[in-house]
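Commentary on secondary and tertiary structure
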Amino acid sequence: MNTLCRIILLLSFLCTPSALWACDCVRPSLIEFAGRADFIFTAKILDHSPDPYHDQLHNVELDITEIFKGEMNQPVKIDSDLLTSCSFLPSKGSQWLIYTYKSSVGNFMTFHYCGGSRQVDRYEHPDYNDTKLKKEYRIGMATELNMLRFLRDNQVNVENPLRLSLWLQEADEIIQNIPIKNSPFDYAIYKVDVATNLVITDIELIKGFRKKKVDNEIMRLMKAHGRIVTQEREESISKASHMYFLLFYYPPRYDGTESFISEFFVL
């Protein structure tokens, strides 16, 4: 390749929009992360070093502070993937909520960029001056941690082996805009019973919002408009099953965003 061609190739690479090279995660809902993960806990990252046997992994030393699901019956490693757009290597000394998954290539568990793990002290650096954003992030993290404590303390198993999903269809926008006045960041969990033909047979409130009328209206809309789908879009399942559905209420934000309800956890 001559020099001119090399320069053109380099310039085309540098001028390519960064978004094209960004890591593209398919992020399920928070309840799905909680169901799929084998070991969920909070910890401080004490140290990490490259794994000599796996190029894409780092060994990690952790100070575990709280366990929400499972146990550390295998070593935990960071799926760092440093040579990809999904590179991930938490700073030493940082605090994390970690979702780990059993590896298919060895007797260990990993956590990675797209696996739901989140830095607890993300905005706690003394030089970070956006106190409003810092406060909102703290509240959001506290809500996620409290949700995990609720599942643990009430022994709610949210695993979803059939990968069932609930589509709210035209009810989605209605639920988004249900008013919940004077309420803080909150969440609700619903257990949805599903027949073999994927029809919703019952909905049970596991943990509600602070407004009972809101829960009743949401369950009415879920029964009237909800549709169950499988990952492979089958028309039926072999036996009756159930899934858990999680909704979050977001109060008005300091940037002017109005309150809304969503199944997605946004921080």
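The notes below deal with the structure included here. Because the structure is a prediction, the values reported are computed rather than measured. (Residues numbered from 1 in each chain as written. Predicted model: local features only at pLDDT ≥ 70, side-chain atom pairs only at ≥ 80, totals over all residues. Heavy atoms only, no water.)

Turning to the overall build of the chain, a few remarks are in order. If you tally the helices and strands in the chain, you get five helices and 12 strands. Counting only C-alpha atoms, the chain reaches 65 × 45 × 45 Å along its principal axes. Within the span of the chain, comprising 267 residues, buried residues form 41% of the whole. A separation of at least 24 residues holds for 65% of the contacts in the chain among residues at least 6 apart in sequence. Element-wise, carbon and sulfur atoms account for 51% of the exposed surface of the chain, whose accessible area totals about 15,500 Å². Treating the 30 positive side-chain charges of the chain as one cloud and the 35 negative ones as another, the clouds have centres 4 Å apart. (Helix = DSSP H or I, 4+ residues; strand = E, 2+ residues; numbered from the N terminus. Buried < 20%, exposed > 50% of the residue type's maximum accessible area, 1.4 Å probe, protein only. Contact = heavy atoms within 4.5 Å. Areas by Shrake-Rupley, 256 points an atom, 1.4 Å probe, with all protein chains shown as cover. Lys, Arg positive; Asp, Glu negative; His and termini not counted. Charge placed at Lys NZ, Arg CZ, Asp CG, Glu CD.)

Another point: the pattern of salt bridges. Overall, the coordinates contain 12 salt bridges when judged by the stated rule. Residues Arg 36 and Glu 32 are paired through a salt bridge, measuring 3.1 Å at the closest nitrogen-oxygen approach. One end of the pair, Arg 36, and the other, Glu 32, are both in helix α2 (residues 30-36), four residues apart, so they sit about a helical turn from each other. For Arg 36, a relative accessible area of 35% corresponds to the partly exposed category. Connected via shared salt-bridge partners are Glu 66, Arg 149, Arg 152 and Asp 153. (Salt bridge = Lys/Arg side-chain N within 4 Å of Asp/Glu carboxyl O.)

Going through the model one piece at a time under the given rule, you end up with 12 aromatic pairs. Measuring from ring centre to ring centre gives 6.5 Å for Phe 88 and Tyr 113, while their planes differ by 70 degrees; the resulting arrangement is edge-to-face. One end of the pair, Phe 88, is in the loop between β3 (76-79) and β4 (95-102); the other, Tyr 113, is in the loop between β5 (109-111) and β6 (118-119), and 25 residues separate them in sequence. Given the relative accessible area of 8%, Phe 88 is considered buried. (Phe/Tyr/Trp six-rings, centres within 6.5 Å; stacked < 30°, edge-to-face > 60°.)

Attention shifts here to the state of the cysteines. Working definition of a disulfide: a covalent bond connecting the sulfur atoms of two cysteines. Throughout the structure, instances matching the rule amount to one disulfide. Residue pairing for Cys 25: its cysteine sulfur links by disulfide to Cys 114, the two sulfurs lying 1.8 Å apart. On the sign convention where negative means left-handed, the S-S torsion of about -65 degrees between Cys 25 and Cys 114 marks this disulfide as left-handed. Of the two residues, Cys 25 is situated in the loop between α1 (3-15) and α2 and Cys 114 in the loop between β5 and β6; the sequence distance between them amounts to 89 residues. (Disulfide = S-S within 2.5 Å.)

Here the focus is unusual backbone geometry. For Asp 81, which is not glycine, the phi torsion reads 45 degrees and is therefore positive. Position of Asp 81 among the secondary structure elements: in the loop between β3 and β4. The backbone phi angle of Arg 233 is positive, close to 60 degrees, even though this residue is not glycine. Considering the arrangement of structural elements, one finds Arg 233 in the loop between β10 (227-229) and β11 (241-250).

What follows is about the layout of surface pockets. As a volume, the largest pocket reaches approximately 430 Å³. Forming the walls of the largest pocket are 17 residues, and the residues nearest its centre are Arg 27, Tyr 113, Gly 116, Ser 117 and Arg 118. Counted by class, the lining of the largest pocket contains 10 nonpolar, four polar and three charged residues. (1 Å grid on protein atoms, 1.4 Å probe; cavity = no way out; pocket = protein on both sides within 12 Å on 5 of 7 lines; lining within 4 Å. Points joined across faces, edges and corners; volume = space filled by probe spheres on them. Nonpolar A, V, L, I, M, F, W, Y, C, P; charged D, E, K, R; others polar.)

Moving on, we get to helix α3 (residues 131-153). With 23 residues, α3 should reach 33 Å at 1.5 Å per residue; the first-to-last C-alpha distance of 32 Å fits that figure. Among the residues trailing α3, Gln 155 stands out with phi positive, at a value near 50 degrees. (Expected span 1.5 Å × (residues − 1).)

Another point: helix α5 (residues 212-225). Over its 14 residues, α5 runs 20 Å from end to end, which matches the ideal 20 Å to within 8%, given 1.5 Å per residue. Each element contacted by the buried residues of α5 is listed here: β7 (165-167), α4 (171-176), β8 (186-194), β9 (200-207), β11 and β12 (260-262).

Glancing now at the pairing of β4. Looking along a regular strand, one sees side chains alternate from face to face of the sheet. In terms of burial, β4 is largely enclosed, as six of its eight residues are buried. Bridge count between strand β1 (residues 39-50) and β4: six bridges; the pairing is antiparallel. Residue pairing in the sheet places Phe 39 in a bridge with Thr 100 of β4. Where β4 meets β6, two bridges bridge the pair, whose relative direction is antiparallel. Looking across to β6, one finds that Trp 96 is bridged to Gln 119. Where β4 and β5 come together, two bridges link them in antiparallel fashion. Within β5, the residue paired with Lys 102 across the bridge is Met 109. Taken together, β4 and the strand that follows it, β5, pair antiparallel across an intervening segment of six residues. (Pairing = 2+ DSSP bridges.)

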